[in-house]
Structure formats: structure tokens, C-alpha cells
Amino acid sequence: MTAPSHSSGPVPPHGTEPQEGPLTEGMAALANLGWQFLLTMGLATIALGVVALVWPGATLRVVGVLFGVYLLATGVFQLAAAFGTHVPRRLRVLHFITGAASILLGLICFKGTLESIFLLALWIGFSWLMRGTLETVAAASDQAMPARGWHVAFGIIGTMAGIVMIIMPFVSIATLTLVVGVMAIVLGLTEVVRAIRTRVELGHLAPGTATQRRPLFHARAHPQH
């Protein structure tokens, strides 16, 4: 007479344990790179904010040069689009005019620091003015818009900021540089804190997963008589 077995299913092979596959290792490496990337970006953002606060004049010169490069690149792409075969004929003239104007303004930016800052301030001011006006009109004309009051308020604030930027470009752009510097430092500190918290959570997770592994030698139930 055969003794009944207490095992309800197939017994796993002796000495086997779950192995960490390449997917688990890849996720761990990705998480490790994630917190390092956050830390690097946070420190770089803090450094940018400090530079903007300590050397605002040099920051404005660099921003002016970058703005000139942006205008030149935009103008070249607009001119290339004007002669493209996929552009309708009625739009080629518009692409050509905007491209030529962007290249001209880009060259003016390289003429001096004051010219580049002045054009940058006007560019920001007109963009804020147009965006604020459109947002205010859209929110005022649509009564079913969610958070309609907030949209109207933000639109009015954007319109007023654009007008101030156009009327007093040099004072406004200097103030904007200080605001950007403070915001960059705050955002950089936030990224550094996130990176540290992510690293701490990964450190807590690693020992926890190690303790959940099965032992190397498993106790097997023997048949009882």
C-alpha cells in the first residue's frame, strides 16, 4: 500500500531559485541613471540661476547672441520653405518676407548687445501681448470654458506684461533676468531634492528585494507512513 504524499503539486527542482533576468537589471540601471540625470540637471539649473543673478549683463549678452542665432536659423528655414515644392504659391511670398525679416533681425542682434536685448524684449513683449489678448477674448466669448475667470485674469496679466515689456524694454528685460535667475535656483533645488529622494528610495528597495529571495536549499516534505 502506497503512502499518500503531502505535496499538492509538482515539487520544484532542488537548489533552484528565481533569477533576475536582463529586464530587471535593465530597469535597475535605468532607475540609477534617472536619479543621476535629475541631480545633474538640478545642479546645472542652480548654476545657471546663480550666473543670471551674479552676472546679469553677461547673461543678457549670451541670451542676445542665442536669440540672434535663433532668428538666423528661423529665417534660413523660412527662405528654404518659400522655394519648396510642397508650399502653395500664395504662401511662398509670406515665407519669403518672414524669412528675410528674420535674417535681417538676426544680423542686427550681432551688431551689438543693446540691439539684441532691445529686439528680444520687443519679441517677448509682442508675443505676450498677442497671447494675452487672444486668451482674454476667447475666455470672455466662451461662457462654457472651464475656469473661465482664471483664463481672463491670466490673459489680462499677460497683456499688461507685454505692454510693459514693449514700453520699457531694457528695464523689463533686466527684471526678467532676475526673475529667471531666482526661478532657476528654485527649480534646481527641487530637482536635487527629487534626485536625493529617488536615490534613497532605491537604496531602501534593494535590501527589501534581497530579503525576499528564496533560500538556496529548500526543505522538502518526505512521505509519512
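Scroll up to find the structure.
To start, this report covers the structure provided alongside it. (Residues numbered from 1 in each chain as written. Predicted model: local features only at pLDDT ≥ 70, side-chain atom pairs only at ≥ 80, totals over all residues. Heavy atoms only, no water.)

## A look at the packing of helix 2 (residues 56-82) against helix 4 (residues 113-141)
Okay, step 1: The geometry of helix 2 relative to helix 4 is characterised by a closest axis approach of 9 Å and an angle of 70° between their N-to-C directions. Our classification of the angle between helix 2 and helix 4 gives roughly perpendicular. The hand of the helix 2/helix 4 crossing is left-handed. Across from Leu60, Arg61, Val63, Gly64, Phe67, Tyr70 and Leu71 in helix 2, the residues of helix 4 making contact are Thr113, Ser116, Ile117, Leu119, Leu120 and Trp123.
Okay, step 2: Of the residues in the contact of helix 2 with helix 4, the class split is 9 nonpolar, 3 polar and 1 charged. (Axes fitted to C-alpha atoms, helices over the stretch in contact; angles between N-to-C directions. Helix = DSSP H or I, 4+ residues; strand = E, 2+ residues; numbered from the N terminus. Parallel < 35°, antiparallel > 145°, perpendicular 65-115°, else oblique. Left-handed = near helix turned anticlockwise from the far one by under 90°. Contact = heavy atoms within 4.5 Å. Nonpolar A, V, L, I, M, F, W, Y, C, P; charged D, E, K, R; others polar.)

## Some remarks on the environment of Leu189
Okay, step 1: For Leu189, the position within the fold is in helix 6 (residues 169-211).
Okay, step 2: Distance from Leu189 to Met41, taken between C-alpha atoms, is 10.0 Å for residues 148 residues apart in sequence.

## A short note on helix 4
Okay, step 1: Spanning 29 residues, helix 4 covers 42 Å between terminal C-alpha atoms, matching the ideal 42 Å at 1.5 Å per step.
Okay, step 2: The complete set of buried residues in helix 4 reads Ser116, Ile117, Leu119, Leu120, Ala121, Leu122, Ile124, Gly125, Gly132, Thr136 and Ala139. (Expected span 1.5 Å × (residues − 1). Buried < 20%, exposed > 50% of the residue type's maximum accessible area, 1.4 Å probe, protein only.)

## Describing the side chain of Ser116
Okay, step 1: Looking at where Ser116 falls in the secondary structure, it is placed in helix 4.
Okay, step 2: When neighbours within four sequence positions are excluded, Ser116 is seen to be in contact with Gly64, Phe67 and Cys109.

## Brief notes about the nonpolar core
Okay, step 1: Within the largest apolar cluster, 11 residues are counted, these being Leu60, Phe67, Leu71, Cys109, Ile117, Leu119, Leu120, Ala121, Ile124, Met165 and Ile173.
Okay, step 2: Here this core takes 5 residues from helix 4, the largest share from any one element.
Okay, step 3: In this view, Leu71 contacts Ser102, Ile103, Leu105, Gly106, Cys109 and Trp123; residues no more than four positions away in its chain are not counted. (Core = buried A, V, L, I, M, F, W, Y, C linked by side-chain atoms within 4.5 Å.)

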